[in-house]
Every structure is written in structure tokens, then in C-alpha cells.
Amino acid sequence: MKGITTILLLILSNTFMTIAWYGHLKFNQMKGFDKLALPFVILISWAIALFEYCFQVPANRIGFSGNGGPFSLMQLKVIQEAITLTVFTIFTIVFFKTETFRLNHFIGFLCLILAVFFIFKK
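Please read these numbers as outputs of a predicted model, since none were measured by experiment.

A. Representation of helix H3 (residues 73-95) within the structure. The terminal C-alpha atoms of H3, which comprises 23 residues, lie 32 Å apart, in line with the 33 Å expected from a rise of 1.5 Å per residue. Of all the residues in H3, the buried ones are Gln-75, Leu-76, Val-78, Ile-79, Gln-80, Ala-82, Ile-83, Thr-84, Val-87, Thr-89, Phe-91 and Thr-92. Residues of H3 that are buried in the fold lie against helix H1 (2-22), helix H2 (38-63) and helix H4 (103-120).

See below:
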């Protein structure tokens, strides 16, 4: 159960992270946000990123084997990176229609899946 909780929290965390890091790129298309100065955009992104940390920290604490969780530190990091790229890809395809998912992206993901396999291999 701790493993599933960890992964769900990491998905939520990475969703907020992706929105904080890249969502502002769509601000220029949103009425009211299109004329915001960079310091305000940074503050909005920080506010969104606060939620990222509200999920990331508990995910790592629950999931870490040193705290009774099922994952080593290396495993947690690789899981987090795989989730990050998955969330980012979905976000990009949904919100940035000009971006395309190409064969080289797919091959890169396969390499990442292999990394997950080797990190978890005993």
C-alpha cells in the first residue's frame, strides 16, 4: 500500500510541478494573464510549486525504505523521473498542440523504462 500511495503522491506532485514550470508559457493566451510582468509570473509559479512540495515530501517520506517504505533512494528517484516525463508528455500533448511526440521521444522513453528495470533488478 505504501508503494501505491508513494506513486500516487508523486503523480500529483509532478502534475503541479509541470504546471508551475511550463504552464506559464500558456499565460500569454489567457485573458488577464497575457500582460503579466515576469516577477508576477514567477510568484504564480512559486505558489503552484508549493503544492508540488506538499505532495513530493510526503511521497518520499512514505516511500523511502529508511522510513519503512518499499523503495530505496535510487528507486524513488528513478520512479520520480519516469513519472515526470510521463506527466510532462501528457501535458505537452494536451496543452501545446504544436508539439509532437516523435520516434526519438519514444526511444528515449524505452531507455528510461530500461533504467527503471535495471534500478529495480536485484
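Picking up after the structure, the text goes on.
B. Summary view of the nonpolar core. Counting 8 residues, the largest nonpolar core is built from Leu-9, Leu-10, Ala-59, Phe-71, Leu-76, Ile-79, Ile-83 and Val-87. Secondary structure elements with two or more residues in this core: H1 and H3. Tallying contributions element by element places H3 first for this core, with 4 residues. In contact with Ile-79, other than residues within four places in its own chain, are Ile-7, Leu-10, Phe-71 and Phe-120.

C. Quick look at the packing of H1 against H2. At a closest axis distance of 8 Å, the pairing of H1 and H2 adopts a crossing angle of 160°. The orientation of H1 relative to H2 falls into the category roughly antiparallel. Of the two possible hands of crossing, H1 and H2 adopt the one that is left-handed. Contact with H1, carried on its side by Lys-2, Thr-5, Thr-6, Leu-9, Leu-10, Leu-12, Ser-13, Asn-14, Phe-16, Met-17, Ile-19 and Ala-20, involves Ser-45, Ile-48, Ala-49, Phe-51, Glu-52, Phe-55, Gln-56, Pro-58, Ala-59, Asn-60, Ile-62 and Gly-63 of H2 and no other residues of that element. Its residues assigned to classes, the contact of H1 with H2 comprises 14 nonpolar, 8 polar and 2 charged.

About the thresholds
- Residues numbered from 1 in each chain as written.
- Predicted model: local features only at pLDDT ≥ 70, side-chain atom pairs only at ≥ 80, totals over all residues.
- Heavy atoms only, no water.
- Helix = DSSP H or I, 4+ residues; strand = E, 2+ residues; numbered from the N terminus.
- Expected span 1.5 Å × (residues − 1).
- Buried < 20%, exposed > 50% of the residue type's maximum accessible area, 1.4 Å probe, protein only.
- Contact = heavy atoms within 4.5 Å.
- Core = buried A, V, L, I, M, F, W, Y, C linked by side-chain atoms within 4.5 Å.
- Axes fitted to C-alpha atoms, helices over the stretch in contact; angles between N-to-C directions.
- Parallel < 35°, antiparallel > 145°, perpendicular 65-115°, else oblique.
- Left-handed = near helix turned anticlockwise from the far one by under 90°.
- Nonpolar A, V, L, I, M, F, W, Y, C, P; charged D, E, K, R; others polar.

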